[in-house]
Amino acid sequence: MGQLVDADVLWEDEFVVLAGPRSVLHEGFDRISTELYLAQQHIYPLPWPTSQNYLDVELARAGRHRKIAFSVPSYAALGYVLDTTDLIASMPDRSARALMCCHPDLRLIHLDPPRKSQLSLLWGISALREPAISWVRTIIRNAAAAYDGADGGTIRSINSDQV
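Quick summary incoming for the structure in this document. (Residues numbered from 1 in each chain as written. Predicted model: local features only at pLDDT ≥ 70, side-chain atom pairs only at ≥ 80, totals over all residues. Heavy atoms only, no water.)

**Regarding the pattern of salt bridges**
Close approach of charged atoms allows side chains with opposite charge to pair. Counting across every chain of the model gives 8 salt bridges. A salt bridge links Arg66 to Asp56; its shortest N-O distance comes to 2.6 Å. With a gap of 10 residues between them, Arg66 in the loop between α2 (54-61) and β4 (67-72) and Asp56 in helix α2 connect regions that are remote in the sequence. A residue is classified by how much of its surface remains accessible, and Arg66, at 9% relative accessible area, is buried. Looking at Asp56, the relative accessible area reads 9%, which means it is buried. Residue Glu58 pairs with Arg115 through a salt bridge whose shortest N-O separation is 2.9 Å. Taken together, the residues Glu58 in helix α2 and Arg115 in strand β6 (residues 107-124) connect sequence positions 57 residues apart. (Salt bridge = Lys/Arg side-chain N within 4 Å of Asp/Glu carboxyl O. Helix = DSSP H or I, 4+ residues; strand = E, 2+ residues; numbered from the N terminus. Buried < 20%, exposed > 50% of the residue type's maximum accessible area, 1.4 Å probe, protein only.)

Right, here's the structure in full:
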């Protein structure tokens, strides 16, 4: 982002699919193609509209779209809908694993090719001279590193030229 902004990648998530017992994808699929993924009816959890979701933006650039049949106001409702319908849902693997703790009949399916996203902490270089900003940045980085997530919560520092 230039010389004014720097970043730390707090973690990287893989975008995965959750399918309930009524979905045709529930049995036998560990990975699915983009074509099979797009052929399914989807449930979409807000808060972001599809125009701001990185996967839907990527698909739209290629002239493709998901078949969104239903949307819910948060991830909290997804498990119940997936348990009782043939719809599938897509989300970061960390969110999927958390949801599966309450809904053990859901199946996690990977996309082929895999799609990944990063959560980054951005800050102004000049702000690091402020002790309070440095302190908060350290607290956030340490919390992310301590998070026992899919990739162990690894923080990878990147420089401005890579952002």
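After that view, the rundown keeps rolling.
**Regarding the side chain of Gln40**
Position of Gln40 among the secondary structure elements: in the loop between α1 (34-39) and β3 (41-45). Not counting chain neighbours up to four residues away, the residues in contact with Gln40 comprise Val24, Leu25, Lys67 and Ile88. (Contact = heavy atoms within 4.5 Å.)

**Re the pairing of strand β1 (residues 5-19)**
Most of β1 is tucked away: 13 of the 15 residues are buried. Judged from the 5 bridges that link them, β1 and strand β5 (residues 88-92) form a sheet pairing that is antiparallel. Each residue of the ladder has a partner; that of Phe15, found in β5, is Pro92. (Pairing = 2+ DSSP bridges.)

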